[in-house]
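The chain contents come next:
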Amino acid sequence: DAGITQSPRHKVTETGTPVTLRCHQTENHRYMYWYRQDPGHGLRLIHYSYGVKDTDKGEVSDGYSVSRSKTEDFLLTLESATSSQTSVYFCAISVGLAGSFLDEQFFGPGTRLTVL
Amino acid sequence: KNEVEQSPQNLTAQEGEFITINCSYSVGISALHWLQQHPGGGIVSLFMLSSGKKKHGRLIATINIQEKHSSLHITASHPRDSAVYICAVGRVQGAQKLVFGQGTRLTINP
């Protein structure tokens, strides 16, 4: 357990409404990620962050924005939710292993979002 | 073509059988990850390798960098091993932006 929580865990919303998902970590790791998981597509990177106020796009970033004003929190916002954004969203952190330049990723429990 | 391909997509076996799941990738990588996801559950990191072989309990992961191929083996499989196993590769050191395979759904029958 790398101390990652996500909120909410489940959300149902309507098309056109804004939605914000929160990822919180307790161990001040630098790198944080947002993924979505869909049948037939597997996990895909939406956005990631390499520090406070430092973020970059992943492969499926259209329709999503992120913010990181504190090390421990990484927010994912759907400005105007669409049905195609119905998915399970996972947050992850990257933890460097002692004695190695490689990082291992640890995932949060996921948020199931349904857009009607 | 996906950068990371797993096979098989689905695998059903009897308890006690030796299981092999394969992962092939087409890009240069810094590390390869094996992840496990139980139905309705979260994602757990099993292994991260950049070369050779790692073992944890009944799980063994190997990687051949030259052939761009990795295998995950489960010895003496048990119904609790039933899960989706996901291969992912990291192409960039540091940021570790992972690219994922589609996953292999493993079912172990008692």
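Because the structure is predicted, anything quoted here is derived from the model rather than measured.

## Regarding the overall build of chain A
Here is step 1 of the chain: Across its full length, chain A carries zero helices and 11 strands.
Here is step 2 of the chain: In chain A, the succession of helices and strands from N to C terminus is β-β-β-β-β-β-β-β-β-β-β.
Here is step 3 of the chain: Taken over C-alpha atoms, the radius of gyration comes to 14 Å for chain A, in line with the 13 Å a tight globule of 116 residues would show.
Here is step 4 of the chain: By its C-alpha atoms, chain A is 45 × 30 × 25 Å across when sized along the principal axes.
Here is step 5 of the chain: Taking all 116 residues of chain A together, 50% fall into the buried category.
Here is step 6 of the chain: A separation threshold of at least 6 residues defines the contact pool for chain A, and within that pool the share at least 24 residues apart is 55%.

## Observations regarding the interface of chain B and chain A
Think of interface size as the accessible area that goes away when the parts come together; that is how it is often given.
Here is step 1 of the chain: The partner chain A presents 19 residues to the 20 residues of chain B that form the contact.
Here is step 2 of the chain: Counting each side, the surface lost to burial between chain B and chain A is near 1,800 Å², with a carbon and sulfur contribution of 60%.
Here is step 3 of the chain: When the buried surface of chain B facing chain A is broken down by residue, B:Ile43, B:Met48 and B:Phe100 rank first, second and third, together holding 30% of it.
Here is step 4 of the chain: Linking chain B with chain A are zero salt bridges, by the criterion used here.
Here is step 5 of the chain: Our count for the chain B to chain A interface comes out at two residue pairs in polar contact (both at pLDDT 80 or more).
Here is step 6 of the chain: Elements supplying a minimum of two residues to the side of chain B that touches chain A: strand E4 (31-37), strand E5 (43-49) and strand E10 (98-100) of chain B.
Here is step 7 of the chain: Its residues assigned to classes, the side of chain B that touches chain A shows eight nonpolar, 11 polar and one charged.

## Quick look at the packing of aromatic side chains
Here is step 1 of the chain: In total, this model carries seven aromatic pairs over all chains according to the counting rule given.
Here is step 2 of the chain: Consider the rings of A:Tyr33 and A:Tyr35, whose centres lie 6.1 Å apart with planes at 15 degrees: the pair is stacked.
Here is step 3 of the chain: Note on A:Phe107 and B:Phe100: the rings are 6.5 Å apart at their centroids and 65 degrees apart in plane angle, and the pair reads as edge-to-face. In this pair, A:Phe107 sits in strand E10 (residues 103-107) while B:Phe100 sits in strand E10, so the two residues belong to two different chains.
Here is step 4 of the chain: Given the relative accessible area of 11%, A:Phe107 is considered buried.
Here is step 5 of the chain: Given the relative accessible area of 8%, B:Phe100 is considered buried.

## Focus on the state of the cysteines
Any covalent bond linking the sulfur atoms of two cysteines counts as a disulfide.
All names here are of chain A.
Here is step 1 of the chain: Enumeration over the complete set of coordinates arrives at two disulfides over all chains.
Here is step 2 of the chain: Across a sulfur-sulfur distance of 1.8 Å, Cys23 and Cys91 are joined as a disulfide pair. Across the S-S bond linking Cys23 and Cys91, the dihedral sits near -70 degrees, which makes this disulfide left-handed. Taken together, the residues Cys23 in strand E3 (residues 19-25) and Cys91 in strand E9 (residues 87-96) connect sequence positions 68 residues apart. Exposure class is identical for Cys23 and Cys91. Each is buried.

## Quick look at the confidence of the model for chain B
Here is step 1 of the chain: Residues of chain B with pLDDT of at least 70 account for 95%, and the chain-wide mean is 92.
Here is step 2 of the chain: Considering each helix and strand of chain B separately, the mean pLDDT is smallest for E10(B), with a value of 89, and largest for strand E8 (residues 69-74) of chain B, with 98.

## Quick word on the sheet that holds strand E3 (residues 19-25) of chain B
All names here are of chain B.
Here is step 1 of the chain: Sheet architecture is open: five strands sit in the order E1-E3-E8-E7-E6, paired in antiparallel fashion. Looking at the sheet topology across the chains shown, the edges are occupied by strand E1 (4-7) and strand E6 (52-56). Ignoring which end each strand starts from, the neighbouring axes of this sheet average 15 degrees apart.
Here is step 2 of the chain: With four bridges connecting them, E1 and E3 associate as antiparallel partners. Residue pairing across strands places Ser7 opposite Asn22, the latter belonging to E3.

## Focus on the sheet that holds E3(A)
All names here are of chain A.
Here is step 1 of the chain: Taken in spatial order, the four strands make up an open sheet running E1-E3-E8-E7, and their pairing is antiparallel. Sheet topology places strand E1 (4-7) and strand E7 (64-70) at the edges, where each strand pairs with a single neighbour. Neighbour-to-neighbour, the strand axes of this sheet turn through a mean angle of 20 degrees, independent of strand direction.
Here is step 2 of the chain: Of the pairings in the sheet, the one linking E3 to strand E8 (residues 73-78) comprises six bridges and is antiparallel in character.

Scoring rules and cut-offs
- Residues numbered from 1 in each chain as written.
- Chains lettered and ligands numbered in written order.
- Predicted model: local features only at pLDDT ≥ 70, side-chain atom pairs only at ≥ 80, totals over all residues.
- Heavy atoms only, no water.
- Helix = DSSP H or I, 4+ residues; strand = E, 2+ residues; numbered from the N terminus.
- Rg over C-alpha atoms; globule rule 2.2 N^0.38 Å.
- Buried < 20%, exposed > 50% of the residue type's maximum accessible area, 1.4 Å probe, protein only.
- Contact = heavy atoms within 4.5 Å.
- Buried area = accessible area lost by both parts, 1.4 Å probe.
- Salt bridge = Lys/Arg side-chain N within 4 Å of Asp/Glu carboxyl O.
- Polar contact = N/O pair within 3.5 Å; in protein donor to acceptor, adjacent residues only side chain to side chain.
- Nonpolar A, V, L, I, M, F, W, Y, C, P; charged D, E, K, R; others polar.
- Phe/Tyr/Trp six-rings, centres within 6.5 Å; stacked < 30°, edge-to-face > 60°.
- Disulfide = S-S within 2.5 Å.
- pLDDT = per-residue confidence, 0-100.
- Pairing = 2+ DSSP bridges.
- Axes fitted to C-alpha atoms, helices over the stretch in contact; angles between N-to-C directions.

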